[in-house]
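Overview (structure and organization)
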Amino acid sequence: MSHPLPLQIGTSLFGIVGLLVLGLAIVTVWQMVRIVDAYDKQALTVFGEYRGLLEPGINFVPPFVSRTYPFDMRTQTMDVPRQEAITRDNSPVTADAVVYLRVMDAKKAFLEVEDYKTAVSNLAQTTLRAVIGDMELDETLNKRQEINARIRKELDEPTDEWGIRVESVEVREVNPSPEVQNAMEQQTGAERRRRATILEAQGERRSAVEKAEGDKQSNIIRAQGEKQSQILEAQGDAISTVLRAKSAESMGERAIIDKGMDTLEAIGQGESTTFVLPQELTSLVGRYGKHLTGSDVTGNGQQLDSLQFDAETRELVGLDDIKEILGEIDRAAEMDIEELEKQAKAVKDGASESADHADEQINDQA
């Protein structure tokens, strides 16, 4: 009879050993394979010694004695905690920022600095306080780009030694203390009230000036209209006086002629055949007929001896100047209408100089 118990024990041990070998093989493969993402690089050490960088993809490393340290090669965002600082003019402020950085050399980032993110954060904090402390309060509030540029410049040199490049620094907020904020708000309110007062005063002044200018132009146009009206009225009175004088003279001469004709009729009824007529009567009859009919009165084919109005009488009566006077009145009226239209347009556009020039022209015409 055989011994089944030792055989069963041997089979069980063989199975256990097989399982152990299989597990060990799986773990070994797991330790040997490193999968690196496309945006990463991994530093490899074997027995603590730096061996190189693992590129994206599948990499095989010595099992059990290797360690890897991943580095994200993309641009990373790092917040700088809020910092309290004192400006150059002794005003307390708080500020925070954000830093954009990228790992350019993973070997330096692994070997030259323990934790590059912590190192950059601490360096950014101290640099932010130093830059703000070197500026006045108004500069920290108004020159945000200058602060960003100075912080980035201060971070460039040490971070280059760590294989890190600071791409950008943005200061998000710079807040003065509550007391300073209240004072600034009061100052801003006072400045706004001052500007509002100035603008209101300027508006009232402009309104007053424009109103005065409008009144001035209105008075000028009204005075010019009255002046032109008086000129036209005076010219009309002059013409009326001339016409009345001519009419009176004509009526006087006609009365003399009528009286003379009556006398001639009375003489003709007498028996005498010889008559003596005054020279003034014959001259007056001839002159009257010539100016009324345009031709001299003739008798027996011979022109009557009539006297013309002398130059002094014609100038006094104004016989030669009536048409000219009427033409001048019409031209003056047309010019006055054009000038008034121009001045009205000048008043509408606020051109006071044009109105003064028009006033000088009207004064010259008068």
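Residues numbered from 1 in each chain as written. Predicted model: local features only at pLDDT ≥ 70, side-chain atom pairs only at ≥ 80, totals over all residues. Heavy atoms only, no water.

With respect to the confidence of the model for the chain
We apply this condition: A residue's pLDDT is the predictor's confidence in that residue, given on a scale from 0 to 100. Helix and strand definitions follow DSSP, with helices as H or I runs of at least four residues and strands as E runs of at least two, each counted in order from the N terminus. Contacts were defined at the residue level, with two residues in contact if any of their heavy atoms lie within 4.5 Å.
Residues of the chain with pLDDT of at least 70 account for 62%, and the chain-wide mean is 76. Here strand β9 (residues 298–299) stands out as the least confident element of the chain, with mean pLDDT 45; strand β7 (residues 92–103) is the most confident, with 94. With pLDDT under 50 throughout, residues 294–307 is counted as low confidence; its partners more than four residues away or in other chains account for 20 contacts.

Some thoughts on the UniProt feature "transmembrane region" (unreviewed entry) in the chain
Defined as follows: UniProt positions are given in the numbering used here, feature names are shortened, and annotations may be inferred rather than shown by experiment.
Under the present numbering, the feature "transmembrane region" (unreviewed entry) in UniProt falls on residues 12–33. Secondary structure across residues 12–33 comprises 95% helix and 5% strand; the distance between its end C-alpha atoms is 32 Å.

Overview of the pairing of strand β3 (residues 49–54)
Operational definition: Pairing between strands is defined by DSSP: at least two bridges between the two strands are required.
Sheet topology note: the strand β2 (residues 40–46)/β3 ladder contains five bridges and is antiparallel. Pairing of Val-46 across the sheet is with Glu-49, part of β3. What sits between the antiparallel neighbours β2 and β3 is a turn of two residues, in which Phe-47 has the positive phi angle 55 degrees.

Digging into the packing of aromatic side chains
The condition is simple: Classification of ring pairs uses Phe, Tyr and Trp, with its six-membered ring standing for Trp, and accepts pairs whose centres are within 6.5 Å; under 30 degrees between planes counts as stacked, over 60 as edge-to-face, and the remaining range as tilted. Each residue is assigned to one of three classes by its accessible area relative to the maximum for its type, calculated with a 1.4 Å probe on protein chains only: buried under 20%, partly exposed between the two thresholds, exposed over 50%. Only when the NZ of Lys or the CZ of Arg is both within 6 Å of the ring centre and within 35 degrees of the ring normal is a charge said to sit over the ring.
Overall, the coordinates contain four aromatic pairs when judged by the stated rule. Measuring from ring centre to ring centre gives 6.3 Å for Phe-71 and Phe-110, while their planes differ by 85 degrees; the resulting arrangement is edge-to-face. Taken as a pair, Phe-71 in strand β5 (residues 66–72) and Phe-110 in helix α2 (residues 106–111) lie far apart in primary sequence, 39 residues in all. Since its relative accessible area comes to 7%, Phe-71 is described here as buried. One aromatic cluster is present, formed by Tyr-50, Tyr-69, Phe-71, Phe-110 and Tyr-116 through successive ring pairs. The ring of Tyr-39 has Arg-74 lying over it, and the distance from NZ or CZ to the ring centre is 3.8 Å.

Structural notes on the side chain of Thr-87
The condition that has to hold: Distance and chemistry together define a polar contact, namely a pair of N or O atoms within 3.5 Å, with one atom able to donate a hydrogen and the other to accept it when in protein, and with adjacent residues in sequence counting only for side-chain atoms on both sides.
As for its position among the elements, Thr-87 is in the loop between β6 (76–86) and β7. What makes Thr-87 buried here is its relative accessible area of 3%. A polar contact of 2.4 Å, which involves the side chain of Thr-87, links it to the side chain of Asp-89. Ignoring anything within four residues of it in the chain, the contact list for Thr-87 reads Val-93, Ile-132, Gly-133, Met-135, Glu-136, Leu-137 and Thr-140.

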